[in-house]
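Listed below, chain by chain, are the residues.
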Amino acid sequence: MNIGIVCYPTFGGSGVVATELGKALALKGHHVHFITYSQPVRLDFFNENLFYHEVYIPPYPLFQFPPYELALASKMVDIVQNEKLDVLHVHYAIPHASAAYMAKQILLTRGIRIPVVTTLHGTDITLVGKDASYEPVVTFSINQSDGVTAVSADLRKETYEYFAIEKDIEVIPNFINLDRFQKQKKEHFRAAIAPEGEKLLIHTSNFRGVKRVEDVVRIFAGVRKEIPAKLLLVGDGPDRPRIEKLCRETGYCNDIRFLGKLEAVEEVLSISDLFLMPSEKESFGLAALEAMACEVPVISTNAGGIPELNVHGVTGMLSEIGDVADMVKNSLYVLQDENLPRFKDAARARAEEFAVEKILPRYEECYQRAIATQMATM
Ligand code: GMT
């Protein structure tokens, strides 16, 4: 198949999923065309089946807000027509689904039919999308898609609750490349960071409000009061200054390290004992899946789709949003030497259920169905 993938090129979960999907499809022999405003960060190799098309917005003094959606739709028209795409797969509804609708209508006037598959990732539905500023366009463009997928059953439920959706939404969960995300031998690295054999806790995110990174620091402080431990914070974002201040206030500043945006996150996950995900919203929790693949159990909230991944008492433990005391108690339980090995093994075993090889065929089937649905309307 000739597949167009539209996504955000950043470290965010939707961009990572879209890029890993495109890479896996290309390795299977499909031709994959990425259409984004810059090279996706996870597009770290090329083969003969991978193509990248940059969306360019010519600057003009009148544009206080550059019209990205129009430039994107125009680029989609160009690539679908000239590269003879069979299907367009857009990740994150805003503004990709509506841009795809516009491209589809323009192409129709040229006698070209292109099926569009929209994948809903999370905040495009649960936070941004349901805001009245976007809701009518999001509802319309989801309903105009030929195939719609959501990354968890919870996200599908929320989409039906918040929007008047007439389409069937298929749940296709996030997936993981187990060759890359596996425990690596990095003992020298661990010895440098935790020389006294301290337990290592880790959190990775974009440091936004929904991630509740303050709770990460409070959980760590509670654990640190009881046992020797260190905290690794991976990522960056708007909440970082507040988090740094809180770290100083806990008195454990010297046990907390900010590592910034790391590409080889699997290397630090490999030396960690416990992953903290106290999110307020999380449609799936790709970061937790990456940790589990590296044999790191997860202390999380029960928000959104997290319980569809993290199994309470098996791969980690779940608490109510904001219940820091419970998350401290759970962390100390999982970290006990008699408990940790079985949690680590179970985390890896659970991650294996989401191997890319298992999930990829479901996207291929989804494309085939979208193409067939389009044909049936001709
Ligand atoms: O909020 C983020 O972490 C970024 C966001 C995105 O769309 O880029 O992530 C969402 O999509 C991921 C991939 O499907 C999911 O694993 C995350 O759970 C989801 N984040 C939220 O729902 C907050």
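These numbers were taken from a predicted model, which means no experiment stands behind them. (Residues numbered from 1 in each chain as written. Predicted model: local features only at pLDDT ≥ 70, side-chain atom pairs only at ≥ 80, totals over all residues. Heavy atoms only, no water.)

**Student:** Any chance you could explain the pattern of salt bridges here in plain terms?
**Tutor:** Side chains bearing opposite charge may pair, as long as their charged atoms lie close to each other. A full pass over the atoms with the stated rule returns 29 salt bridges. Across the pair Lys 23 and Glu 20 runs a salt bridge, and its minimum N-O distance is 3.3 Å. Of this pair, Lys 23 and Glu 20 are both found in helix α1 (residues 13–27), three residues apart, which corresponds to roughly one turn of the helix. Across this residue pair, the class does not change: Lys 23 and Glu 20 are buried. A salt bridge links Asp 255 to Arg 224, with the nearest nitrogen and oxygen atoms 2.9 Å apart. Linking Asp 255 in the loop between α9 (240–250) and β10 (256–260) with Arg 224 in helix α8 (residues 213–226), this pair joins segments that are 31 residues apart in sequence. Judged by relative accessible area, which is 14%, Asp 255 ranks as buried. Residue Arg 224 is classed as partly exposed on the basis of its relative accessible area of 24%. (Salt bridge = Lys/Arg side-chain N within 4 Å of Asp/Glu carboxyl O. Helix = DSSP H or I, 4+ residues; strand = E, 2+ residues; numbered from the N terminus. Buried < 20%, exposed > 50% of the residue type's maximum accessible area, 1.4 Å probe, protein only.)

**Student:** How should the packing of aromatic side chains be read in this particular structure?
**Tutor:** Aromatic ring pairs are described here by two measures, namely the spacing of the ring centres and the angle between the planes. The full count for this structure, using the stated rule, is seven aromatic pairs. Note on Tyr 101 and Phe 140: the rings are 4.8 Å apart at their centroids and 85° apart in plane angle, and the pair reads as edge-to-face. A residue pair is termed long-range when its members are at least 10 positions apart, and Tyr 101 in helix α3 (residues 93–109) and Phe 140 in helix α5 (residues 135–143) qualify at 39 residues. The class for Tyr 101 is partly exposed, based on a relative accessible area of 24%. (Phe/Tyr/Trp six-rings, centres within 6.5 Å; stacked < 30°, edge-to-face > 60°.)

**Student:** It is not clear to me how the sheet that holds strand β8 (residues 199–204) should be interpreted in this structure. Could you clarify?
**Tutor:** Consider a sheet: its strands pair through backbone hydrogen bonds, and that pairing is either parallel or antiparallel. Reading across from one edge, β10-β9-β8-β11-β12-β13 is the order of the six strands in this open sheet, with parallel pairing throughout. Since the sheet does not close on itself, it has two edges, and those belong to β10 and β13 (316–319), each with one partner. Each neighbouring strand pair of the sheet contributes to a mean axis angle of 20°, computed without reference to strand direction. Where β8 lies against strand β9 (residues 229–234), six bridges are found, and the strand directions are parallel. When the sheet's bridge partners are listed, His 203 is paired in β9 with Leu 233. Relative to strand β11 (residues 274–277), helix α11 (residues 286–293) is tilted by about 175°, and along the sheet it contacts β8, β11 and β12 (298–301). (Pairing = 2+ DSSP bridges. Axes fitted to C-alpha atoms, helices over the stretch in contact; angles between N-to-C directions. Contact = heavy atoms within 4.5 Å.)

**Student:** Looking at this model, I keep getting lost on the pairing of strand β2 (residues 31–36). Mind explaining?
**Tutor:** Two faces make up the sheet, and in a regular strand the side chains alternate between them. Across the six residues that make up β2, a large majority, five, are buried. Examined bridge by bridge, strand β1 (residues 2–6) and β2 share five bridges and lie parallel to one another. Following the sheet pairing, Gly 4 is matched in β2 by His 33. Pairing geometry for β2 and strand β3 (residues 50–54), over five bridges, is parallel. Looking at β3, one finds that Phe 34 is bridged to Tyr 52.

**Student:** Help me understand the packing of α8 against α9 in this model?
**Tutor:** Packed helix pairs are specified by the crossing angle of their axes together with the interaxial distance, meaning the distance between the axes. Here α8 crosses α9 at 15°, and the two axes come no closer than 10 Å. Of the possible angle classes, the one that applies to α8 and α9 is roughly parallel. α9 is crossed by α8, and the crossing has right-handed handedness. Each of Val 213, Glu 214, Val 217, Arg 218 and Ala 221 in α8 lies in contact with α9, whose residues at this interface are Arg 242, Ile 243, Leu 246, Cys 247 and Thr 250. Of the residues that constitute the contact of α8 with α9, the class distribution is six nonpolar, one polar and three charged. (Parallel < 35°, antiparallel > 145°, perpendicular 65-115°, else oblique. Left-handed = near helix turned anticlockwise from the far one by under 90°. Nonpolar A, V, L, I, M, F, W, Y, C, P; charged D, E, K, R; others polar.)

**Student:** Before we go on, may I ask you to explain the site of the ligand in this structure?
**Tutor:** In the vicinity of the ligand lie 18 residues, with His 121, Asn 174, Lys 211, Glu 282 and Ser 283 positioned nearest. Between an oxygen atom of the ligand and a main-chain N or O atom of Gly 285, the distance comes to 3.0 Å. Between the ligand and the protein, one listed contact pairs an oxygen atom with a backbone N or O atom of Leu 286 at 3.0 Å. Across the complex, the protein chains shield 92% of the 490 Å² of accessible surface that the ligand would expose by itself. Per-element accounting of the shell around the ligand gives the leading share, three residues, to α1. Residue composition of the shell around the ligand, grouped by class: five nonpolar, 10 polar and three charged. (Near = heavy atom within 4 Å. Polar contact = N/O pair within 3.5 Å; in protein donor to acceptor, adjacent residues only side chain to side chain. Areas by Shrake-Rupley, 256 points an atom, 1.4 Å probe, with all protein chains shown as cover.)

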